[in-house]
Each structure stands twice: as structure tokens, then as C-alpha cells.
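Remarks on the overall topology
Here are the chains, one letter per residue:
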Amino acid sequence: MTVHIDARGMRCPWPAIRLARALRAGVLPIEIIADDPAATRELTAVAKAAGLTIQPISNGLDTVFRIAASDGVNVSFTRAL
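Residues numbered from 1 in each chain as written. Predicted model: local features only at pLDDT ≥ 70, side-chain atom pairs only at ≥ 80, totals over all residues. Heavy atoms only, no water.

Looking at the side chain of Asp36
Applicable threshold: Under the scheme used here, helices are H or I runs from DSSP no shorter than 4 residues and strands are E runs no shorter than 2 residues, and both carry numbers assigned from the N terminus. Whenever a nitrogen or oxygen atom comes within 3.5 Å of another N or O atom, the pair is scored as a polar contact, on the condition that within protein one atom can donate a hydrogen and the other can accept it, and that pairs from neighbouring residues in sequence are kept only if both atoms are in side chains. Note on definitions: a residue-residue contact is assigned when non-hydrogen atoms from the two residues lie within 4.5 Å.
Positionally, Asp36 belongs in the loop between strand E2 (30-34) and helix H2 (39-49). Here the side chain of Asp36 touches Ala38 through a polar contact of 2.8 Å, landing on its backbone nitrogen. Leaving out residues up to four positions away in the same chain, Asp36 has contacts with Met10, Arg11 and Cys12.

Pasting the structure below:
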């Protein structure tokens, strides 16, 4: 089941924080819509730190970022302390 996060109107770091929270819940894949210009950089950094892939998809108005599992997921990042 895909988790959908609408982060439109949120300025970074909030989209990245919402992504990190969803990753800690352990549900993949995640699709997050974000319109902050810094979101691409910030969401990519969070996904890569967790060992996940991120794919930006433009729908004309917004960018949807799809985050999915890849080989070598860093479980220490996604596990709550």
C-alpha cells in the first residue's frame, strides 16, 4: 500500500521531516507531493541516507517524489530509537 503525503505549501525542512516520519513507520512505497524548490535536494538526501531510491515525477503543476526500497536499506535510519 502506497503512502501519500501532501507537502504542498510546506517549506523545507518540513517535507523531509514528513518523509522521515513515514520511513520510521516502515511503510513503502511513499509518494510525496512538494512544491518547495529545495524539496528535491532535501528529499533526495533523506531517501539516500535510508538506502532508498527516489524518482521525481512532474505532473505539470507539482512534482511527485516516489520513494521505494532498493538493495541495502539502512534499517538503522528507519528504526525508532
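Next comes the rest of the write-up.
Overview of the sheet that holds E2
Definition in use: Here, any two strands with at least 2 DSSP bridges between them count as paired. Working convention: axes come from line fits to C-alpha atoms, limited for helices to the stretch in contact. Angles between N-to-C directions cover 0 to 180 degrees.
Read from one edge to the other, the open sheet built from four strands follows the order E1-E2-E4-E3, with strand pairing classed as mixed. Each edge of the open sheet carries a strand with a single partner, namely strand E1 (3-6) and strand E3 (52-58). Ignoring which end each strand starts from, the neighbouring axes of this sheet average 20 degrees apart. Bridging between E3 and strand E4 (residues 63-69) involves seven bridges; their strand directions are antiparallel. Residue pairing in the sheet places Leu52 in a bridge with Ala69 of E4. The strands touched by helix H1 (residues 14-25) are E1, E2, E3 and E4; relative to E2, the strand with the most contacts, the crossing angle is about 170 degrees. Running at roughly 155 degrees to E3, H2 makes contact with E2, E3 and E4 of the sheet.

A few points about the side chain of Asp62
Quick reminder of the rule: Each residue is placed in one exposure class: buried if its accessible area under a 1.4 Å probe, protein chains only, is under 20% of its type's maximum, exposed if it is over 50%, and partly exposed if it falls in between.
Position of Asp62 relative to the elements: it lies in the loop between E3 and E4. The class of Asp62 is buried, set by a relative accessible area of 15%. Polar contacts involving the side chain of Asp62 include one to the side chain of Arg8, which spans 3.2 Å. With residues up to four places along the chain from it excluded, the contact list for Asp62 reads Arg8, Ile33, Asp35 and Ile57.

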